[in-house]
Amino acid sequence: MSGPVPRPDPDPDRPDTKRYGPPGTAPAVGDLSLTVPAGEICVLVGPSGCGKTTTMKMINRLVEPTSGTVRIGGEDVMQLPAVDLRRRIGYVIQQVGLFPHMTVAENVAVVPRLLRWSPERTRDRVEELLDLVGLDPAGYRDRYAAQLSGGERQRVGVARALAADPPVMLMDEPFAAVDPIRRDRLQNEFLRLQAKVRKTVVFVTHDVDEAIKMADRIAILQKGGILAQYETPEAILSRPASEFVERFVGADRGLKRLSLARVRDLPLLEPVLVRVGEARADARRRLEGSPAPFALLVDGAGKPIGWLGTAELSGDGTIDASHATPGASLLQPGPTRRASPIGRRATSTQAGAG
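Parameters and conventions
- Residues numbered from 1 in each chain as written.
- Predicted model: local features only at pLDDT ≥ 70, side-chain atom pairs only at ≥ 80, totals over all residues.
- Heavy atoms only, no water.
- Helix = DSSP H or I, 4+ residues; strand = E, 2+ residues; numbered from the N terminus.
- Buried < 20%, exposed > 50% of the residue type's maximum accessible area, 1.4 Å probe, protein only.
- Pairing = 2+ DSSP bridges.
- Right-handed = clockwise from strand over helix to strand, strands pointing away.
- Axes fitted to C-alpha atoms, helices over the stretch in contact; angles between N-to-C directions.
- Salt bridge = Lys/Arg side-chain N within 4 Å of Asp/Glu carboxyl O.
- pLDDT = per-residue confidence, 0-100.
- Contact = heavy atoms within 4.5 Å.

Draft legend 1. Representation of unusual backbone geometry in the model. Non-glycine residue Asp31 carries a positive phi angle of around 50°. Relative to the assigned elements, Asp31 resides in strand β2 (residues 29-32). At Arg198, a position not held by glycine, the phi torsion is positive, near 50°. By the secondary structure assignment, Arg198 is in the loop between α8 (180-197) and β8 (200-204). Residue class for Arg198 comes out partly exposed when judged on its relative accessible area of 46%.

Draft legend 2. Main features of the pairing of strand β9 (residues 217-222). In this sheet, β9 lies alongside strand β3 (residues 41-45) in parallel orientation, the contact comprising four bridges. Directly across from Cys42, in β9, lies its bridge partner Arg217. Bridging between β9 and strand β10 (residues 226-231) involves five bridges; their strand directions are antiparallel. What sits directly across from Ile220, in β10, is Gln229.

Draft legend 3. Focus on the pairing of strand β11 (residues 272-275). Here β11 shows a buried face lined by Val272 and Val274 and an unburied face lined by Leu273 and Arg275. Note that β11 and strand β12 (residues 295-298) share four bridges and pair parallel. Across the sheet, Arg275 pairs through a bridge with Val298, a residue of β12. Read as a crossover between parallel neighbours, the route from β11 over helix α13 (residues 280-288) to β12 is right-handed.

Draft legend 4. Quick look at the sheet that holds strand β6 (residues 89-93). A sheet is described by the order of its strands in space; here six strands give the open sequence β6-β7-β8-β3-β9-β10, paired in mixed fashion. Two strands in the sheet have a free side with no partner beyond their single neighbour: β6 and β10. This sheet shows a mean twist of 15° between the axes of neighbouring strands, independent of strand direction.

Draft legend 5. Looking closely at the pattern of salt bridges. For the structure on display, the rule yields eleven salt bridges. The closest approach of N and O atoms between Lys199 and Asp165, which form a salt bridge, is 2.3 Å. One end of the pair, Lys199, is in the loop between α8 and β8; the other, Asp165, is in the loop between α7 (150-162) and β7 (168-172), and 34 residues separate them in sequence. With a relative accessible area of 7%, Lys199 lands in the buried category. Measuring nitrogen to oxygen at the nearest pair gives 2.5 Å for the salt bridge that ties Arg192 to Glu189. With Arg192 and Glu189 both in helix α8 and three residues apart, this pair spans about one turn of that helix. Residue classification places Arg192 among the partly exposed residues on the basis of a relative accessible area of 33%.

Draft legend 6. Structural context of the confidence of the model for the protein chain. On average, residues of the protein chain score 82 in pLDDT, and 83% of them are at 70 or above. Within the protein chain, no element has a lower average pLDDT than helix α14 (residues 341-353), which sits at 43, and none a higher one than β3, at 95. Between residues 344-354, whose pLDDT stays under 50, and residues either more than four places distant or in other chains, the model counts seven contacts.

Quick look at the structure:
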């Protein structure tokens, strides 16, 4: 396994196939062909037994294809020494797999040491990565896995996978073993990291909502590793390629599309700002000259209090907080539309209508 191995198929450009058994055995992955653009996250998703993990493992030769070829940056992985190949690919698994007898720093440094990096370069890289994943190096470098929470172990696992700056990362259900709140935070943290490091990521999950959130492109597989659709999340949700895909993504795919846009992407109408104590006549005059139907009342610090219509601004005198109609929850620009109160109200409305 230390040198190039013969191709298992005389036609290397066929789609990939993996069989566990003699010719004629039903394939675990059948005639699969797709390209992951550099710097994107490709999520493999599908029912149990559809070949998601087998497909991912063919990339780093933990499973070798029965026929076809896998290329990374144009290089056939079967023509590369397996050990060298795997050192060039980051790998994050569900249970993280930290070495319990090693400290956090030693775990992160595993691949750099195998590559014979200098102690100074290794130490600097460990510090950089711990800081990148949000773990204070001074507080975490000397801890052991048993002293970490599940989320902290997952972050160390991601740091270890990034240690040698690999162009490709494989992630096999990396967040499946943590609770929903921590999973959401880890997903957000990884997307933040990906925006900085722009790795080519192949990500396996059984959760279609996670796939929609994490992916630049989604590959939906059917039993036998058959590719049902390979598109952007938006395209899959708006134009499912088959009845199988339509059923797999769910009847609420319209609501799932809310996960694809951030609150910051919503068009905003600039309100007329009115302060407590301002003259009604002045506020009314500014509102009449604005396309906004309401004015926003704020306190002395600029914090929103509520909305004022023309009726609340009629008459003379000044405005106080009791005249305003309280608004809904404030929206931050980062969350998705689905996670915001807008999306939650849409979900509740649909549930009530059903």
